[in-house]
Amino acid sequence: MPEALHPVVQENKVELVDRAAEKGIAVVITDGHRSVSEQDMLYEQGRSEEGSIVTYAEGGESYHNYGLAIDFAIETKDGRVVWDMNYDGNNNGTSDWMEVVEVAEDLGFTWGGDWKNFKDYPHLQMDFGLTIRELQYGKRPEVEDYAK
Ligand SMILES: [Zn+2]
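Scope of this entry: the structure provided in the associated data block. These numbers were taken from a predicted model, which means no experiment stands behind them. (Residues numbered from 1 in each chain as written. Predicted model: local features only at pLDDT ≥ 70, side-chain atom pairs only at ≥ 80, totals over all residues. Heavy atoms only, no water.)

**Focus: the packing of aromatic side chains**
For any pair of aromatic rings, geometry is given as the distance between the ring centres together with the angle between the planes. As a reminder of what qualifies: Side-chain rings of Phe, Tyr and Trp, where Trp is taken by its six-membered ring, are said to pair if the distance between their centres is within 6.5 Å; with planes under 30 degrees apart they count as stacked, over 60 as edge-to-face, and otherwise as tilted. Secondary structure counts use DSSP, requiring at least four H or I residues in a row for a helix and at least two E residues in a row for a strand, with both numbered from the N terminus. Residue exposure (1.4 Å probe, protein chains only): buried if accessible area is under 20% of the type maximum, exposed if over 50%, otherwise partly exposed.
Taken as a whole and judged by the stated rule, the model has three aromatic pairs. Pairing Tyr56 with Phe118 gives two aromatic rings, centres 4.9 Å apart and planes at 65°, and the pair type is edge-to-face. With a gap of 62 residues between them, Tyr56 in the loop between α2 (36-44) and β2 (69-75) and Phe118 in the loop between β4 (110-111) and β5 (123-125) connect regions that are remote in the sequence. For the ring pair Trp111 and Tyr121, a centre distance of 5.9 Å and an interplane angle of 55° mean the geometry is tilted. Here Trp111, found in strand β4, pairs with Tyr121, found in the loop between β4 and β5; they are 10 residues apart in sequence, far enough to count as distant. For Trp111, a relative accessible area of 6% puts it in the buried group.

This is how it looks when you write it as structure tokens:
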């Protein structure tokens, strides 16, 4: 299993934070690569453990486990980290959250807020055309295919 973010995802993560900053939005990356055991622990939240359900993916079933996903939040002007999709800190009439999503999609990420069933609004992933099943069988994205 990969033990870090895929280099292309890592590069785009930095690019996302930079481009958002140019728009006056402070993006906080709250999660990136996750080990299988970390994923299993997260899966128990809202099930055998307290809290609300945050994932439907068990260990090995999340793009985070393959270093292909990140989660984000926004830091407000007064230094709070928020998951407020209506916050418009740069006062341009568009929610900062959706501005970040738009930049992310330009960079090639897909957004968890577009998922049909469980919507995961902080979640961004790059699947490189690979399904979780293919990743579970050991297929991995080729870095060279995505070199700029
Ligand atoms: Zn996520």
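Back to the write-up after that little detour.
**Remarks on the pairing of β2**
For a regular strand, the rule is simple: side chains alternate between the two faces of the sheet. As a reminder, the rule being used: Two strands make a pair as long as DSSP finds a minimum of two bridges between them.
Within β2, six of the seven residues are buried, which leaves it mostly tucked inside the rest of the structure. Bridge count between strand β1 (residues 26-31) and β2: five bridges; the pairing is antiparallel. Within β2, the residue paired with Ala26 across the bridge is Glu75. Of the strand pairs in this sheet, β2 and strand β3 (residues 81-82) are connected by two bridges, and their pairing is antiparallel. Directly across from Ile74, in β3, lies its bridge partner Val82. If you look at the hairpin formed by β2 and β3, you'll find five residues sitting between the two strands, and Gly79 has a positive phi there, around 85°.

**Here we look at helix α1 (residues 7-22)**
Test applied: Multiplying one less than the number of residues by 1.5 Å gives the expected span of a helix. Directions drawn from the helix axis to the C-beta atoms are what define this arc.
Along its 16 residues, α1 runs 23 Å from first to last C-alpha, staying within 8% of the 22 Å computed at 1.5 Å per residue. All of the buried residues along α1 are Val8, Val9, Asn12, Leu16 and Ala20. Along α1, the residues classed as buried sweep out an arc of 95° about the axis, all on the same side.

**Side note on the side chain of His123**
Convention followed: We call two residues in contact whenever any of their non-hydrogen atoms come within 4.5 Å of each other.
With respect to the helices and strands, the residue His123 is situated in strand β5. In this view, His123 contacts His64, Ala69, Ile70, Asp71, Thr110, Trp111, Gly112 and Trp115; residues no more than four positions away in its chain are not counted.

**So, the coordination of the zinc ion**
Test applied: Each metal's donors comprise the N, O and S atoms found within 2.8 Å of it (within 3.2 Å for Na, K or Ca). Water is not part of the atom list, so some coordination spheres may appear incomplete.
In the first shell of the zinc ion, the protein supplies His64 (NE2), Asp71 (OD) and His123 (ND1), at 2.0 Å from the metal. One chain supplies every donor to the zinc ion, and in sequence these donors are spaced H-x6-D-x51-H. Taken together, the positions of Asp71 in strand β2 and His123 in strand β5 put the pair 52 residues apart, joining distant regions of the chain. Judged by its relative accessible area of 9%, Asp71 falls in the buried class.

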